[in-house]
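Spelled out from the first residue to the last, the chains are:
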Amino acid sequence: MRFIVLLIFLPVLLNAQVKPLPNAHAHNDYKHERPLFDALDNGFTSVEADIHLIDGEIYVYHDRPEKVDPSRTLENLYLEPLKQLVKKNKGSVYQGYPESFLLMIDVKSEAEATYQVLKEKLKSYQKMLSHSRGSKLKSRGVTIFLSGNRPI
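Parameters at a glance
- Residues numbered from 1 in each chain as written.
- Predicted model: local features only at pLDDT ≥ 70, side-chain atom pairs only at ≥ 80, totals over all residues.
- Heavy atoms only, no water.
- Helix = DSSP H or I, 4+ residues; strand = E, 2+ residues; numbered from the N terminus.
- Contact = heavy atoms within 4.5 Å.
- Areas by Shrake-Rupley, 256 points an atom, 1.4 Å probe, with all protein chains shown as cover.
- Polar contact = N/O pair within 3.5 Å; in protein donor to acceptor, adjacent residues only side chain to side chain.
- Expected span 1.5 Å × (residues − 1).
- Buried < 20%, exposed > 50% of the residue type's maximum accessible area, 1.4 Å probe, protein only.
- Core = buried A, V, L, I, M, F, W, Y, C linked by side-chain atoms within 4.5 Å.
- Salt bridge = Lys/Arg side-chain N within 4 Å of Asp/Glu carboxyl O.

Draft legend 1. Main features of the overall build of the chain. When helices and strands are counted, the chain shows 4 helices and 7 strands. Listing the helices and strands of the chain from first to last along the sequence gives α-β-α-β-β-α-β-α-β-β-β. Sequence-distant contacts in the chain: of pairs separated by 6 or more residues, those separated by 24 or more amount to 60%. Working note: accessible area of the chain is about 8900 Å², and carbon and sulfur atoms make up 52% of it.

Here it is as structure tokens:
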């Protein structure tokens, strides 16, 4: 898969001056031209990505679009940039911030099919993702939680 990298996203990757705001959540950030990066530039430590499974790919949209923009995948807009930041900042989204960054994934399309594709995509990002073993949470740079249409 080829990732679309836009130069307007580069400043946040270089900006270590942003102060993280605990308990600050970016809701409806899909309305922004730079959803994740606008939130990060303002210190948000939690963001929401509304997703739809369309033709086997996960796209970020609140409502299913009539025409899909190929750059609006979950990987392009959220997962790859977060992976780069966690790598750059040695395990954290924000340099020196000890808490896990929260990525709320709100499933808007059919639960089971969407979750199966999401689960496969997240395998490539395991090194940055928090995970649990039994009742123990191993916190890492990014913690994902699901909302919306969730499989049981």
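Draft legend 2. Molecular detail of the side chain of S109. Relative to the helices and strands, S109 resides in the loop between strand 4 (101-107) and helix 4 (111-122). Looking at S109, its side chain comes within polar contact range of the side chain of T114, at 2.6 Å. Once residues lying within four places of it in the same chain are set aside, the contact partners of S109 are I51, H52, L53, T114 and N149.

Draft legend 3. Fine view of helix 3 (residues 74-88). Look at helix 3: 20 Å from first C-alpha to last across 15 residues, which is about the 21 Å you get at 1.5 Å a residue. The buried fraction of helix 3 is high, at 11 of 15 residues. By the burial criterion, the buried members of helix 3 are L74, E75, N76, L77, Y78, L79, E80, P81, L82, L85 and V86. Where helix 3 ends, the next residue or the one after it, K90, has phi of about 55 degrees, a positive value.

Draft legend 4. Representation of the nonpolar core. One finds L74, Y78, V93 and L103 to be the most contacted residues of the largest nonpolar core, which totals 32 residues. A per-element tally of this core places helix 3 first, with 7 residues. Among residues more than four places away in sequence, those in contact with L103 are V47, A49, Y78, L79, L82, V142, T143, I144 and F145.

Draft legend 5. Structural detail: the pattern of salt bridges. Under the counting rule described, the total for this entry stands at 6 salt bridges. Among the salt bridges present, the one from K121 reaches E57, with a minimum N-O distance of 3.2 Å. Here K121 is found in helix 4, whereas its partner E57 is found in strand 3 (residues 57-60), with 64 residues between them in sequence. As far as the burial class goes, K121 and E57 line up, both buried. K121 serves as the salt-bridge partner of E75, at 3.3 Å between the closest nitrogen and oxygen. Here K121 lies in helix 4 and E75 lies in helix 3, a separation of 46 residues in the sequence. Classification of E75 by relative accessible area gives buried; the value is 8%. Of the residues examined, K121 reaches a relative accessible area of 16% and is grouped as buried. Via salt bridges that share partners, R34, D38 and D41 belong to a single interconnected network.

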